[in-house]
2 protein chains.
Amino acid sequence: METLLNAGAPVTEAALAAIAHMPSASLPALMDDEFARRLSDADLMRIAVLLARKSHDEGGCPIGAVIIDNATRRIVGKGHNTLVQENHPYNHGETSAMRDAGRLDFGRTTLFTSLSPCEVCATLLHMRGVSRVVVGDVTNASGTEPLLRAKGVEVEILEDPQGIELYARFRAGNPELDLEDWKGLSATHRP
Amino acid sequence: METLLNAGAPVTEAALAAIAHMPSASLPALMDDEFARRLSDADLMRIAVLLARKSHDEGGCPIGAVIIDNATRRIVGKGHNTLVQENHPYNHGETSAMRDAGRLDFGRTTLFTSLSPCEVCATLLHMRGVSRVVVGDVTNASGTEPLLRAKGVEVEILEDPQGIELYARFRAGNPELDLEDWKGLSATHRP
């Protein structure tokens with residue numbers, strides 16, 4: 001199949017945005033394996049940030065994640081936080097991408113997250129054996145990186161300025177939503 | 001509205017089975033508040049076990065959970081593991097019931113789980129501030145109870161013999177599924 005994004009196509013912000021919004025199962029209709037292999041770690045982090053932006057545009061928390069196969073660098077799952085959109089008490093970027101990926105052997109994958117993982121997601125990442133986690137923002141939040149490393153997960157920090165700016169702006173404008181996402185409504189509505 | 005299960009109706013296994021299978025949003029069409037108040041902790045645990053049985057009948061892992069409001073004892077969420085049914089890498093009984101409940105103040109709720117929580121679920125339970133967790137099986141699995149207590153969650157053990165027998169039988173017949181549910185495919189397919 002001829003695809004829009006192929007060996008000769010440039011890697012642009014528009015290309016990364018189209019990838020972010022395309023359902024994972026339909027990605028082969030948008031880009032071929034050659035193009036996928038040319039996506040750098042920074043490009044994949046930008047896709048996670050563009051998913052965060054999608055969530056923000058929907059009125060939700062701006063956190064996104066992308067999972068790739070380490071050998072082929074194909075995207076096997078992606079998603080974003082849906083606290084607001086799905087009235088969902090715990091679906092973060094990482095859980096969303098893993099739900100999208102399904103019952104994979106995560107030991108063969110790398111997960112890119114636009115924000116440092118919360119404790120629940122960090123526990124899920126090492127329990128499911130994700131081999132490598134790339135974190136796009138340790139400025140607005142951090143803390144679980146040592147836990148992940150102690151559990152044998154390779155952790156890299158690769159900050160994305162657009163993602164950091166977007167999350168900082170969201171948190172300043174929505175402190176209760178930020179807190180609820182991390183701690184639940186009980187944290188924001190204590191009598 | 002006149003309901004099948006009301007102040008005068010007996011609490012039978014058939015009644016608990018109907019409650020287990022009814023979508024949470026439709027429970028008011030099945031039972032009234034008087035009946036809900038008469039359900040004991042053991043009855044609620046049996047509902048969690050009947051959800052585990054439902055999952056098992058669907059070919060899935062037999063683990064279920066129920067969440068009630070502490071003041072009214074109304075059921076506000078329930079569900080079961082969907083590893084097999086949804087090809088879902090981390091949806092356990094507890095996560096399923098919390099997803100069903102939505103963005104509640106879990107500080108006002110008790111969660112009944114048919115099996116001792118895994119580390120991911122235990123972390124989720126204390127991060128979202130669930131006030132009380134009742135565990136129906138520490139025979140087939142256990143270990144996160146001290147973590148929960150250390151984080152301020154009230155933990156009670158209330159074992160259900162039917163649930164313990166069901167899970168033991170499942171694990172004996174499906175050791176790889178049991179392992180995958182806890183550790184992911186990477187744990188079962190190490191080269």
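Residues numbered from 1 in each chain as written. Chains lettered and ligands numbered in written order. Predicted model: local features only at pLDDT ≥ 70, side-chain atom pairs only at ≥ 80, totals over all residues. Heavy atoms only, no water.

**Q** Describe the pairing of strand S4 (residues 132–135) of chain B, and please don't skip the residues or the numbers.
**A** Along any regular strand, the residues point their side chains to alternate faces of the sheet. Residue and element names in this part refer to chain B. Burial along S4 is two-sided: the face carrying Arg132 and Val134 and the face carrying Val133 and Val135 are both buried. With four bridges connecting them, strand S3 (residues 109–113) and S4 associate as parallel partners. In the strand pairing of S4, Thr110 is matched with Arg132. With helix H5 (residues 119–127) bridging S3 and the parallel S4, this β-α-β connection has right-handed handedness. (Buried < 20%, exposed > 50% of the residue type's maximum accessible area, 1.4 Å probe, protein only. Helix = DSSP H or I, 4+ residues; strand = E, 2+ residues; numbered from the N terminus. Pairing = 2+ DSSP bridges. Right-handed = clockwise from strand over helix to strand, strands pointing away.)

**Q** Before we move on, can you summarise the packing of helix H3 (residues 41–57) of chain A against helix H7 (residues 161–173) of chain A with the specific residues and values?
**A** Residues and elements named next belong to chain A. One way to put it is that H3 packs onto H7 with a least axis distance of 9 Å and a crossing angle of 25 degrees. Relative to H7, the element H3 is oriented roughly parallel. Remark: the crossing between H3 and H7 carries left-handed chirality. Only Gln162, Gly163, Leu166, Arg169 and Phe170 of H7 make contact with H3, whose side of the interface consists of Arg46, Val49, Ala52, Arg53 and His56. (Axes fitted to C-alpha atoms, helices over the stretch in contact; angles between N-to-C directions. Parallel < 35°, antiparallel > 145°, perpendicular 65-115°, else oblique. Left-handed = near helix turned anticlockwise from the far one by under 90°. Contact = heavy atoms within 4.5 Å.)

**Q** Describe the relation of the copies chain B and chain A, with residues and values.
**A** Turning chain B through 180 degrees and shifting it by 0.0 Å along the axis lays it on chain A, with an RMSD of 0.0 Å. The operation mapping one copy onto its partner corresponds to a two-fold rotation axis. Closest approach to the rotation axis within chain B is made by the C-alpha atom of B:Val120, at a distance of 2.9 Å. (Least-squares fit on C-alpha atoms with pLDDT ≥ 70 in both.)

**Q** Summarise the pairing of strand S2 (residues 75–80) of chain A; cite the residues concerned and give the values.
**A** Residue and element names in this part refer to chain A. The buried fraction of S2 is high, at five of six residues. Two strands pair when backbone bridges link them, and strand S1 (residues 64–69) and S2 are joined in this way by five bridges, in the antiparallel orientation. Among the inter-strand pairings, Ile68 is bridged to a residue of S2, identified as Ile75. Linking S1 to S2, which pair antiparallel, is a turn of five residues; within it Arg73 sits at a positive phi near 60 degrees.

**Q** Can you break down H5(B) residue by residue, with the values?
**A** Of all the nine residues making up H5(B), eight are buried; the element is thus mostly covered by neighbouring parts of the structure. Within H5(B) the residues assigned to the buried category are B:Val120, B:Cys121, B:Ala122, B:Thr123, B:Leu124, B:Leu125, B:His126 and B:Met127. Buried-residue contacts for H5(B) involve helix H5 (119–127) and helix H8 (175–183) of chain A together with helix H4 (93–101), S3, S4 and helix H6 (145–150) of chain B. Following H5(B) by one or two positions, B:Gly129 has its phi on the positive side, about 75 degrees.

**Q** Describe in detail the state of the cysteines, supporting the description with residues and values.
**A** Residues and elements named next belong to chain A. Tallied over the full model, the rule gives zero disulfides over all chains. Its sulfur unpaired, Cys61 is 12 Å from the next cysteine sulfur, which belongs to Cys118. No disulfide involves Cys121; its nearest neighbouring cysteine sulfur is the one of Cys118, lying 3.9 Å away. Judged by its relative accessible area of 2%, Cys121 falls in the buried class. (Disulfide = S-S within 2.5 Å.)

**Q** Go over the environment of A:Arg46 with me, naming the residues and quoting the values.
**A** Residue and element names in this part refer to chain A. With respect to the element layout, Arg46 can be found in helix H3. The exposure class of Arg46 is buried, given its relative accessible area of 16%. Taking the C-alpha atoms as reference, Arg46 lies 8.7 Å from Ala17; in sequence the two are 29 residues apart. Apart from the residues lying within four places of it in its own chain, the contact partners of Arg46 are Glu13, Leu16, Asp160 and Gln162. Separated by 2.9 Å, the side chains of Arg46 and Glu13 make a polar contact. (Polar contact = N/O pair within 3.5 Å; in protein donor to acceptor, adjacent residues only side chain to side chain.)

**Q** Requested: an account of unusual backbone geometry, with residues and values cited.
**A** One non-glycine residue, A:Arg73, lies in the positive phi region at around 60 degrees. Note on placement: A:Arg73 falls in the loop between S1 and S2.

**Q** Requested: an account of the nonpolar core, with residues and values cited.
**A** A general feature of soluble globular proteins is that nonpolar side chains tend to end up buried together. Grouped together as the largest cluster of nonpolar side chains are 42 residues, with contacts concentrated most on A:Met98 and B:Met98. Mapped onto this core, the elements with two or more residues apiece are S1, helix H4 (93–101), H5 and strand S4 (132–135) of chain A together with strand S1 (64–69), H4, H5 and S4 of chain B. If we skip the residues at most four places from it in the chain, B:Met98 touches A:Pro89, A:Tyr90, B:Ile67, B:Phe106, B:Leu111, B:Leu124, B:Leu125, B:Arg128 and B:Val130. (Core = buried A, V, L, I, M, F, W, Y, C linked by side-chain atoms within 4.5 Å.)

**Q** So what about the UniProt feature "domain: CMP/dCMP-type deaminase" (unreviewed entry) in chain A? Which residues, and what values?
**A** According to UniProt, the "domain: CMP/dCMP-type deaminase" (unreviewed entry) feature falls on residues 39–155 of chain A. Here residues 39–155 of chain A is 35% helix and 20% strand, with 19 Å between the C-alpha atoms at its ends. (UniProt positions renumbered as here; feature names shortened; annotations may be inferred.)

**Q** Explain the packing of aromatic side chains residue by residue, including any values.
**A** Residue and element names in this part refer to chain A. All chains considered together, the criterion is met by two aromatic pairs over all chains. Between the aromatic rings of Tyr167 and Phe170, the centroid separation amounts to 5.4 Å while the plane-to-plane angle is 55 degrees, which identifies the pairing as tilted. Placement of the pair is Tyr167 and Phe170 together in helix H7, with a separation of three residues, close to one helical turn. You can call Phe170 buried: its relative accessible area is 2%. (Phe/Tyr/Trp six-rings, centres within 6.5 Å; stacked < 30°, edge-to-face > 60°.)

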